[in-house]
Amino acid sequence: MRRIIRQEPERISGTRRWKHELPLWYPLPMLPLRQLALLGLGVALLHAGAFLGTAALMEGHGASMPAMIAKMDQIEYMQLADTMLSAGRFALWPTAAPEIFRTPGYPVLVALIDVLTGHWYWALFCVHALMVGMLAMVVALIGSEIGLSRRLALLAGTLIGISSGPLLLTITGTGSDIMYTLLYALAAYTALQRAMPLTQKAVLVGLMLGIATLTRPVGVLASLPLLLGFALLSATEWRRYARATLLAGAAWLIVLAPWYARNASVVGTPILSTVSTFNITYYNIPMNETFWRGTGEDEAQLAVLQAVGTTTPEALRGITYLSAMQAYDSAYLRSHVFEYGVFHMYRTIPFFVMSGFNVANAIVSHEAPTLRVPLFPTEGDNLTRHIAAHEWAAVVGA
């Protein structure tokens, strides 16, 4: 049987060296553990401070963090988590139709944090900051695995941790993107491990990518390059690596299969989610029309709704108009392939940065939600009380 070995660290002249061999299944990091821990902790504290600072800034301008979150995707994840805990169903509230727009990966984490912390409102956002700290650590480890020096690897992790994308995700309470990115980075780091048995590595990568896909449906496309990458890790053993790729793909599908089966049972179609089609139809195509032809975005969205056969965007979240949306998207993209490609590259790169600037501008110009809720929840604050009590109808109507 093949033995995987790693060496016990011994401190020599202030740095770590390896002396004794130990049979362990997962290799120790190639970076000093103290520096790695300081990197993660520093980034986590930075993000926690950014979140609380933004909340304080909003309070100073007559707005509130809970009010902003109540207008964003995050509130739906919190609703889904609460319904799972209270009614054992994946739906926005106990009597609502089964949810197929969102996927369960991140709501399960929200529910777990809710149970462990006794429904403490701010705990979830502390976990967001910790996840970004972990992401910085994993990026540094990836840099070390691909041959970067210790300083460059730590610098790469630091730059990821302080970059505008993760910061703005933390500030706006958007945790699903943070969780997805962390899982994908962990899968990439695992794929780079040379000491780990290939079969074990393939299964771990497949499982991580499966959970990532259940967190953000875009993982269906983003996972394929990493799954196929196993076949390119060693040209001299391509058959072995090809088998590992198939094993990783099988693990990935095993994670996804129950969710596909669940959706097939509740809506009659084995789909992962309707969110990707919805985003292309209701957001991307209207924004493309605005970008190239100067059409008002509201006007372009109304035109899309009429073309699909409805008048309300909420109707596009379910299965009823899915075929109509797919047909519309396919026809539009075929006839606008070049301009949509240019727009998508232009829009995607600065998307989170510009969204963050828009949020900051709205705060300063008093365009953010005006319902006043102090930084820390108290019993007399309506919106915060509704959120803490999981009274979602009142929150959405606020």
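Refer to the preceding data block for the structure.
Residues numbered from 1 in each chain as written. Predicted model: local features only at pLDDT ≥ 70, side-chain atom pairs only at ≥ 80, totals over all residues. Heavy atoms only, no water.

### Thoughts on the nonpolar core
Residues L31, Y106, L209 and L226 are the most contacted members of the largest nonpolar core, which totals 60 residues. Here this core takes twelve residues from helix α5 (residues 123–145), the largest share from any one element. In this structure, L226 is in contact with Y184, A187, A188, A191, V205 and L209, ignoring residues within four places of it in sequence. Of all hydrophobic cores here, the second largest spans 14 residues; its members include I271, I285, L305 and Y332. (Core = buried A, V, L, I, M, F, W, Y, C linked by side-chain atoms within 4.5 Å. Buried < 20%, exposed > 50% of the residue type's maximum accessible area, 1.4 Å probe, protein only. Helix = DSSP H or I, 4+ residues; strand = E, 2+ residues; numbered from the N terminus. Contact = heavy atoms within 4.5 Å.)

### What to know about the pattern of salt bridges
A complete count under the given rule lists six salt bridges for this structure. Residue E289 is joined to R293 by a salt bridge in which the shortest nitrogen-to-oxygen separation is 2.8 Å. One end of the pair, E289, and the other, R293, are both in helix α12 (residues 275–293), four residues apart, so they sit about a helical turn from each other. Here R293 ties to E339 by a salt bridge, and the two come within 2.5 Å at their closest N and O atoms. Placement of R293 in helix α12 and of E339 in helix α15 (residues 337–348) is noted, with a sequence separation of 46 residues between them. According to the relative accessible area criterion, R293 is partly exposed, its value standing at 42%. Judged by relative accessible area, E339 falls into the buried class, the value being 15%. One network of salt bridges, in which partners are shared, links E76, E99, R102 and R317. (Salt bridge = Lys/Arg side-chain N within 4 Å of Asp/Glu carboxyl O.)

### Some points on empty space enclosed by the protein
According to the stated counting rule, one finds two cavities of 30 Å³ or more in the structure shown. Here the second largest cavity defines a volume of roughly 40 Å³. Taken together, Y77, F101, R102, T103, T215, R216, P217 and V275 make up the lining of the second largest cavity. Considering only residue class, the lining of the second largest cavity consists of four nonpolar, two polar and two charged. (1 Å grid on protein atoms, 1.4 Å probe; cavity = no way out; pocket = protein on both sides within 12 Å on 5 of 7 lines; lining within 4 Å. Points joined across faces, edges and corners; volume = space filled by probe spheres on them. Nonpolar A, V, L, I, M, F, W, Y, C, P; charged D, E, K, R; others polar.)

### Some details on the environment of S330
Considering the arrangement of structural elements, one finds S330 in helix α14 (residues 322–335). Along the backbone, S330 and T281 are 49 residues apart, and their C-alpha atoms lie at a distance of 10.0 Å.

### A word on helix α11 (residues 238–267)
Along its 30 residues, α11 runs 41 Å from first to last C-alpha, staying within 8% of the 44 Å computed at 1.5 Å per residue. If you look at α11, its biggest bend is around 35°, right at L256, and the proline P258 turns up within four residues after that. Buried within α11 are the following residues: Y241, A244, T245, A248, G249, A251, W252, V255, L256, W259, R262 and N263. Against the buried residues of α11 lie α9 (198–215) and α10 (219–228). Taken from the residues just after α11, G268 is the one with a positive phi, measuring 85°. (Expected span 1.5 Å × (residues − 1). Bend = angle between axes of the 7 residues up to and from the residue.)

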